Amino acid sequence: MSQPKHIILSGGGTGGHIYPAVAVAEALKRRLGEAVELLFVGAEGKMEMEKVPALGYRIVGLPIAGLQRRLEWRNLLVPFKVWRSLRKARRTIRDFGADAVVGFGGYASAPVLWAAQRMGVPTLIQEQNSYAGVTNKILAKGARRICTAYDGMERFFPAGKIVLTGNPLRGRFSKQGADRAEALQHYGLTSGKPVVLVVGGSLGTRSLNEMMKAWILSLGSAEVPVQVIWQTGKYYEREMRDFLAAHPTPGIWQGAFIERMDLAYAAADLVISRSGAGTVSELCLVAKPVLFVPSPNVAEDHQTMNARALEQQGAAVLVPDAVCRTEAMPRALELLADKEALRRMSENLERLAKPRAAEDIVDEIIELLK
């Protein structure tokens, strides 16, 4: 590859589509250096238009928009935006001189993948979830390769195109991880009681925050049986901080964000979390026993599918969102009392880990370029 290869990476709307693309971009730069030029394509007005340039990459925004689930007048504009996006996607591919286009899901990737396939530019799709997204299902027929994170994806994609790679992640996660003593000190916790990590994402999760409130209120004057790292999310930070101030409880660290997830995982004996694709992949790499509370408010209910896929392999426990407020913490305490169950869960998670996901996807991209 004497001349630099030009690769477009596309996906967006949420971090779940952006950060896998960035992880692959970083792996491409490590592998090919100056022999590759990268361009991101996203959706105008979405988070990728800020996040990607902040990481040092060029990005082009398309005027694409997704259909609203409710009947809204904005849906009438979608066909016009699709047409404009396809025109801009074709022009971007031609002007950039793309040698390959890699899509990471979400409606932002649809126009550029569709245009590339019709222009004869090879395409690769990366599907992060156990239940394939609509965009990837539609465009799979024209893709050369489909990189997946779960077995059994033949029910969505042509079997001959599937390569099981896992989900690419930014950062370094492993079972060895950070030093636990350092992690406990960082969060002001001790080694005397087990630690539960409750993590609800950057904005926060109402269900998990209400679960914590209900559990704290249920304690009364009883001794607190566990310590908790409680990530409330930005949206709920003040409300939950005020609640904890009114109901002071020893052994609880509370914050809107967790800057050092490696330390949070190292401190935790058990995690209570949503089951987005990136979170699932991180937990497999750190092999940390987990109780999933899938979000019911995502496309195709894919978080439930992700959690169920791990539960079926003895690698997780699933508690539905509708009952998590009263059932999740009692179930977590049961698990913490069963050391053998925690050990088996950790072993099963470790078997599912794909630490070389980004590198394996780069291997497939290089094959497309030959």
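Residues numbered from 1 in each chain as written. Predicted model: local features only at pLDDT ≥ 70, side-chain atom pairs only at ≥ 80, totals over all residues. Heavy atoms only, no water.

Undergrad: How do you make sense of the pairing of strand S10 (residues 252-255) when you look at a structure like this?
TA: The side chains of a regular strand alternate between both faces of the sheet. Relative to S10, strand S9 (residues 227-231) runs parallel, the two being bridged by four bridges. Residue pairing for S10: Trp-230 is matched across the bridge by Gln-254. This β-α-β element, S9 to helix H8 (residues 237-246) to S10, shows right-handed connectivity. (Pairing = 2+ DSSP bridges. Helix = DSSP H or I, 4+ residues; strand = E, 2+ residues; numbered from the N terminus. Right-handed = clockwise from strand over helix to strand, strands pointing away.)

Undergrad: Whenever I open this one, the packing of helix H7 (residues 206-219) against helix H12 (residues 324-336) confuses me. Can you help?
TA: Packed helix pairs are characterised by how far apart their axes lie and by the angle those axes make with each other. Running from amino to carboxyl end, H7 crosses H12 at an angle of 70°, the nearest separation of the two axes being 8 Å. With respect to H12, the element H7 is oriented roughly perpendicular. Of the two elements, H7 crosses H12, and the hand of that crossing is right-handed. Contacts from Arg-206, Ser-207, Glu-210, Met-211, Ala-214 and Trp-215 in H7 reach Cys-324, Arg-325, Ala-328, Met-329 and Leu-333 in H12. Class assignment for the residues of the contact of H7 with H12 results in seven nonpolar, one polar and three charged. (Axes fitted to C-alpha atoms, helices over the stretch in contact; angles between N-to-C directions. Parallel < 35°, antiparallel > 145°, perpendicular 65-115°, else oblique. Left-handed = near helix turned anticlockwise from the far one by under 90°. Contact = heavy atoms within 4.5 Å. Nonpolar A, V, L, I, M, F, W, Y, C, P; charged D, E, K, R; others polar.)

Undergrad: Would you mind showing me how to read the pattern of salt bridges here?
TA: Taken as a whole and judged by the stated rule, the model has 23 salt bridges. Ionic pairing is found between Glu-239 and Lys-213, a salt bridge with its closest N-O pair at 3.6 Å. Remark: Lys-213 occurs in helix H7 and Glu-239 occurs in helix H8; sequence separation between them is 26 residues. Note that Asp-321 is salt-bridged to Arg-274, the shortest N-O span being 2.8 Å. With a gap of 47 residues between them, Asp-321 in the loop between strand S13 (317-318) and H12 and Arg-274 in the loop between strand S11 (270-273) and helix H10 (277-286) connect regions that are remote in the sequence. Each of Arg-30, Arg-31, Arg-356, Glu-359, Asp-360 and Asp-363 takes part in a single network of salt bridges with overlapping partners. (Salt bridge = Lys/Arg side-chain N within 4 Å of Asp/Glu carboxyl O.)

Undergrad: I would appreciate a short explanation of the side chain of Gln-128 in the present structure.
TA: The topology assignment puts Gln-128 in the loop between strand S5 (123-127) and helix H5 (134-139). Gln-128 gets classed as buried once you look at its relative accessible area, which sits at 3%. Among the polar contacts made by the side chain of Gln-128, one reaches the main-chain carbonyl oxygen of Phe-104 at a distance of 3.0 Å. At 2.8 Å, the side chain of Gln-128 forms a polar contact with the side chain of Gln-126. In contact with Gln-128, other than residues within four places in its own chain, are Gly-16, His-17, Pro-20, Phe-104, Ala-149, Tyr-150, Asn-167 and Ala-277. (Buried < 20%, exposed > 50% of the residue type's maximum accessible area, 1.4 Å probe, protein only. Polar contact = N/O pair within 3.5 Å; in protein donor to acceptor, adjacent residues only side chain to side chain.)

Undergrad: Looking at this structure, I do not really get the sheet that holds strand S12 (residues 290-292). What am I missing?
TA: Backbone hydrogen bonds hold the strands of a sheet together, and the pairing may be parallel or antiparallel. The six strands are arranged S10-S9-S8-S11-S12-S13 in an open sheet whose pairing can be described as parallel. In this open sheet, the two strands that pair with only one neighbour each are S10 and S13. Alignment of S12 against S13, held across two bridges, turns out to be parallel. Looking across to S13, one finds that Leu-291 is bridged to Val-317. The strands touched by H8 are S9 and S10; relative to S10, the strand with the most contacts, the crossing angle is about 155°.

Undergrad: Is there a simple way to explain the sheet that holds strand S6 (residues 145-148) in this structure?
TA: If you trace the seven strands from one edge of the open sheet to the other, you get S3-S2-S1-S4-S5-S6-S7, paired in parallel fashion. Unpaired on one side and paired on the other, strand S3 (59-62) and strand S7 (162-164) mark the two borders of the sheet. Taking the axes of each pair of neighbouring strands and ignoring which way they run, one obtains an average angle of 20° across the sheet. In the sheet, strand S1 (residues 5-10) pairs with strand S4 (residues 100-103) via four bridges, with the strands oriented parallel.

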